[in-house]
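# Observations on the model geometry
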Amino acid sequence: MMDLLNRLVRVIAFALVALIGLGMALIFTFSTLIAVGILFVAAKLRGQRFSVQEYWTSRQSRRKPIFTKGGFAQQNYPRDNVTDVEARDVR
């Protein structure tokens, strides 16, 4: 009987957390739709065309990239003192 109650409490807690997560996802989705709608209306009032893809690429091109191609090696570190190490599983 205690095992049944324990499982029931766990199922109810899991369902509650799942419903809260679903609600948060829906709020995020609707707020994103509202924001895109506001951008669309503002573009129409200015007489311009609005595309989410164009907006995203223009925003991304204005910011400094976090990761660069080549990563760690391009940060002006001297490569002459780099040691290649081979690791083995020792038993």
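See above for the structure.
This one's a predicted model, so the numbers in the text were calculated from it and none came from an experiment. (Residues numbered from 1 in each chain as written. Predicted model: local features only at pLDDT ≥ 70, side-chain atom pairs only at ≥ 80, totals over all residues. Heavy atoms only, no water.)

### Notes on the overall build of the protein
Of regular secondary structure, the protein possesses 2 helices and 0 strands. Put simply, the protein has 91 residues, and 2% of those count as buried. In the form shown here, the protein has an accessible surface area of approximately 9400 Å², with 65% of it arising from carbon and sulfur atoms. (Helix = DSSP H or I, 4+ residues; strand = E, 2+ residues; numbered from the N terminus. Buried < 20%, exposed > 50% of the residue type's maximum accessible area, 1.4 Å probe, protein only. Areas by Shrake-Rupley, 256 points an atom, 1.4 Å probe, with all protein chains shown as cover.)

### Concerning the pattern of salt bridges
This structure, assessed with the given rule, holds 2 salt bridges. We note a salt bridge from Arg-7 to Asp-3, for which the minimum N-O separation is 3.7 Å. Of this pair, Arg-7 and Asp-3 both sit in helix 1 (residues 2-46), 4 residues apart, which is roughly one turn of the helix. We classify Arg-7 as exposed; its relative accessible area is 56%. Its relative accessible area of 44% is what places Asp-3 among the partly exposed residues. (Salt bridge = Lys/Arg side-chain N within 4 Å of Asp/Glu carboxyl O.)

### As for a nonpolar patch on the surface
A surface patch of nonpolar side chains, about 700 Å² in accessible area, is lined by Met-1, Met-2, Leu-4, Leu-5, Leu-8 and Ile-12. When you line up the elements, Met-1 lands in the segment before helix 1. Residue Met-1 is classed as exposed on the basis of its relative accessible area, which comes to 73%. (Patch = residues over 30% accessible without salt bridge, like charges linked within 9 Å, V, L, I, M, F, W, Y side chains within 5 Å.)

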